[in-house]
Amino acid sequence: MTSTAQQLLHSQRDVLLEWTRVHPAPLLRWLCDARVLSHAHYLSLLERSPSNAVAQALETVCASEESSRGFLQVLREVQDYYCEELQVWVERHCRERTEEMKEAKPVRVEEKKKPKSPISKLFKGKSKFTVTPEVKVEEGLKPRRSVKSSHLRVPLSAHRNTLLERTERLTSYAEGGRQAANSASHIEIRYTDLFVTEDNESFDSSQHEYFTLASRRARIYAHQACQRICPRHLLSPQGTTGRPPKRVKVKGIAGIGKSVAVQRLVYEWALGKHMREFTCVFDLRFRELNLIKAPLSLLDLLEDRFRYFKTVLPDLLASPGPLLFILDGLDEFQYQLDWNAPDRDIGVDSKVPVSELMMALIKGSLLPESSVILTSRPSTDAPKRFFQRCCVVLGFEQEQVKEYTSKFYKDPEVSEKVYNYIVDNDNLFVLSFIPLYCYIICTALAEFFSCQEDSDSRSLELNPPRTVSEVYYCYLFTAIKHHALKGKAKRNTLRSEVLSLVRQQLTNLGRLAYENLLKSKIMFDIQDLERYGLTPVDIQSTFLSQILVPLKEERVEMFSFFHLTVQEHLAALYCAINLSKQGHIIQALDFWCFGEIPPPSTSPTPLLSQDLHLDQTRVENLQMLTRFFMGLLRARLGGQLDGLVLAPLEVGLEGVDIPTRLGIWFQNQFKGRQLANQTALNLLHCLMELHMKEVTSRASPEIRSLNLFKIKMSVVDCAALHYVLQFSPHRLEELNLGYSNIGNRGLSRLAPILHRCESLYLRYNCLEREAAILESAVLKSNECQVKKLFMCGNNLGPEGVLELWKALEQNITLEELYLDITGITERGTENIVNCLSKNTSLKTLTIVGNDIGEVGKRRLRELGHRRPELQIIGNFVDDLGLLNAYLDWVEEIRDDRDQMDSVKNADALQSILKGLRVGAGGENGEGGEGENTAKALELETKILELLNAPAHLAGVR
């Protein structure tokens, strides 16, 4: 060897820098994975310019002979990413050294079998998949040159580099698509893994997709059926077959992270680090395919999209097994897909409509040996029968929110402040599980917690946001400020002056958002924009680029708001600045909340002058618009929209102001309407977003009972319920939160109002010992008015129930207590006789479905002797009414997936079976009454049928 590796790199530094600085990502990542660079150093290099990053890496590796040799070995492996001159240089200088290193490298000893990772448990039941151990993946990392035909090498190299350029950065919308000053946008730095679960249910199109997801998460997280997944594991072998799936569907609501996850997957493949079993990955977006009008073949489509493949596509498609197609955003496809149409014999050169081409690729009638990953929102779904794996993305958990905020900010002190603020605020915390919401929150809060917070927060003239609408308004103003002030004003310019600079553009943008939201339209072409006084030039060169994102990939000219809620917020802002008459505001609320259009004899608001026909589904989908509007109306009343509004709010007859008129409207809704569960909850949220005591104090006394049965409620929903009911001076006749999955945290949010509920239904709510302790405090309160308490199906356990018995020792209001299937054991009955003997109010106690043992049963009999007026139901067979109630209940959960999941969580059916079998012989080993015994046998039979039903039929008649 004529020179050391160190000497070689020192002498050739400049030429190596020139060759690699164009695409440094592969070199840097492989150096990191080879441990030539530390992970922390690697991430710091990603924040530098390409030239600086490579120069710094070279300086680091030249520090030792070992790292210099490692660099040369890595350079040999990644040479295909770079120019032909570098490849010639590598062949000339690296062959001998790399051969020496291979000879000197010790034999790798097979590692011991590691415990299964959480990923391997992601899919339970028949669709489990097994993750190939990383050691096998690493052993397969060979130079690509040995496995690629020579004529494919150049176009594949061009393809990988193109994909790397497209996928290595995450868009920072608040900075007009550029890297934000206070955040890191490289995908290696910002990307945070998501949680997914097996998709085994249908989508409820009657709800806003955010609320449907919140409902799904409430059930899934309750029984821990979700696991973290890396995108590359979507195609891991399935447990039952050992073969990887060929067709995979990934669905999730807007902003949940589907496209970013796909971006990460493509980035990893392009780097050559994962999914190396695929020769080529083709990523296609349905929003781009919308522009295709004429029939075309798959060859035509791929040649046009990936022009460097034109001469080699026939060879690639001739062996489709190692090809992966990623089809992103089926919900954005404007063409109808007939999933039941018979398959046609289509080849790669058959010219057909683009919808038929995509259908054939998804269903596998075209290139069945290839692999396909399809992403979509739940509202536009593809039948499961065409896929071997179906997933639904649930977003972040708390730990991932913390990870995301730490990655978002360069300053760890700022990230800690922001994370703590999110966790301490129920509204923000629940929103943050959606990655794009988390991005919006982090962008909005940056102004308040950055090092320059004194000057920046004064320019905002706002306090840190607490409600959803405040978060979005801060985000919007941040986007405006970062652009509109450039060259026009100082950083401390008054908010009203900033808004006045963009009033016309914001009005036009809001009108586009509102009128198309009513039509459920989210994609716009240039003609759409021009009709609203907007042009692509505006979008690219003014602050509008912060809000509208051009979906431009080569020839595409379509535009969209980057998230549905951004469109909803801007639509609400348009309404808030254009509705000045009280009558028009009331008409708008009637329309948005109930779909009621004012009669022609009235003078309708201009916002409702178009031909509008909303069905109930469309009304449900306007719930976020309504909440945003209420928050922005409050901002207008507080002067925070000055600069945007041209006319003051009208004062009504006899000096009635807007808060009074709104209070009367809300009062009438709770008093005069039979409100659906979700509608009632939406009105509570509207009151919380408005956050005006004079309005809520007028409306809340009209709420005498509230039925939110089976509405899956988040902590924010509980916060809204508490906010409104705290202003009511009356007791609540009934609060039904059965099957709402509020959990301990949600119940604690409601704690201050629970003592005023006469009948309190908390069945199947994932409550535990802490909830029993909280409810005990309610029962001990001198102000307690609770007469009926239902806590069935919660895991209160013996310790929790002991606290309830103690509370009943002094309670004088509770008449009925239902503790079926609450995990009570023999220990949980230790103080029942002593405590309940002193109670004078309790008339009914139901305690079936608990394994209290013989000692526990003896204690119940003793309590019965001491309190003969107390009806104690400890055995299913003892009470015909209870048996009939449970028979009806089994029929109900058979039809209802929501309840079925909650029942599974509590292991309720098995507990009932055990209770039926224990009580089948009666207390003295003799059969019970004939009718009771027959009903018990019928109940047992139906439960066994339900338990033995296939998983995919559970909850479906």
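Heads up: the structure comes first, above all this text.
Below: a short report on this structure. (Residues numbered from 1 in each chain as written. Predicted model: local features only at pLDDT ≥ 70, side-chain atom pairs only at ≥ 80, totals over all residues. Heavy atoms only, no water.)

The next subject is the overall build of the chain. A count of helices and strands for the chain gives 44 helices and 17 strands. Summarising the internal contacts of the chain: among those between residues at least 6 apart in sequence, 78% fall at separations of at least 24. Carbon and sulfur atoms make up 49% of the accessible area of the chain, which amounts to about 40,100 Å² in all. (Helix = DSSP H or I, 4+ residues; strand = E, 2+ residues; numbered from the N terminus. Contact = heavy atoms within 4.5 Å. Areas by Shrake-Rupley, 256 points an atom, 1.4 Å probe, with all protein chains shown as cover.)

One pass over the full model with this rule turns up 39 salt bridges. A salt bridge links R29 to E268, with the shortest nitrogen-to-oxygen separation between them at 3.1 Å. Here R29 is found in helix α3 (residues 24–33), whereas its partner E268 is found in helix α13 (residues 258–271), with 239 residues between them in sequence. The burial state of R29 is the same as that of E268; both residues are buried. As a salt-bridge pair, R305 and E288 come within 3.3 Å of each other at their nearest N and O atoms. Of the two residues, R305 is situated in helix α15 (residues 298–305) and E288 in helix α14 (residues 286–289); the sequence distance between them amounts to 17 residues. With a relative accessible area of 8%, E288 lands in the buried category. Through salt bridges with shared partners, a single ionic network connects R29, D33, E188, R264, E268 and K273. (Salt bridge = Lys/Arg side-chain N within 4 Å of Asp/Glu carboxyl O. Buried < 20%, exposed > 50% of the residue type's maximum accessible area, 1.4 Å probe, protein only.)

Moving on, we come to the packing of aromatic side chains. Enumeration over the complete set of coordinates arrives at 30 aromatic pairs. Aromatic side chains W665 and F666 sit 5.0 Å apart centroid to centroid with 85° between the ring planes, which places their arrangement in the edge-to-face category. Since its relative accessible area comes to 5%, W665 is described here as buried. The class of F666 is buried, set by a relative accessible area of 1%. (Phe/Tyr/Trp six-rings, centres within 6.5 Å; stacked < 30°, edge-to-face > 60°.)

Moving on, we come to the sheet that holds strand β14 (residues 788–790). As summarised here, the arrangement of the seven strands in space is β11-β12-β13-β14-β15-β16-β17, forming an open sheet in which the pairing is parallel. For this open sheet the edge positions go to β11 (705–707) and β17 (871–873), each flanked by a neighbour on one side alone. Adjacent strand axes in the sheet meet at a mean angle of 10° when their direction is disregarded. (Pairing = 2+ DSSP bridges. Axes fitted to C-alpha atoms, helices over the stretch in contact; angles between N-to-C directions.)

Now for the nonpolar core. Counting residues in each nonpolar core, the largest one holds 224 residues, and the members touching the most others are Y514, W592, F629 and W805. Of all the elements, helix α21 (residues 435–449) adds the most residues to this core, at 12 residues. The contact partners of W805, leaving out residues within four places of it in the chain, are L817, L819, G828, T829, N831, I832, C835, L836, L845 and I847. Judged by nonpolar contacts, the second largest core, of 43 residues, contains L156, L327, V352 and F387. (Core = buried A, V, L, I, M, F, W, Y, C linked by side-chain atoms within 4.5 Å.)

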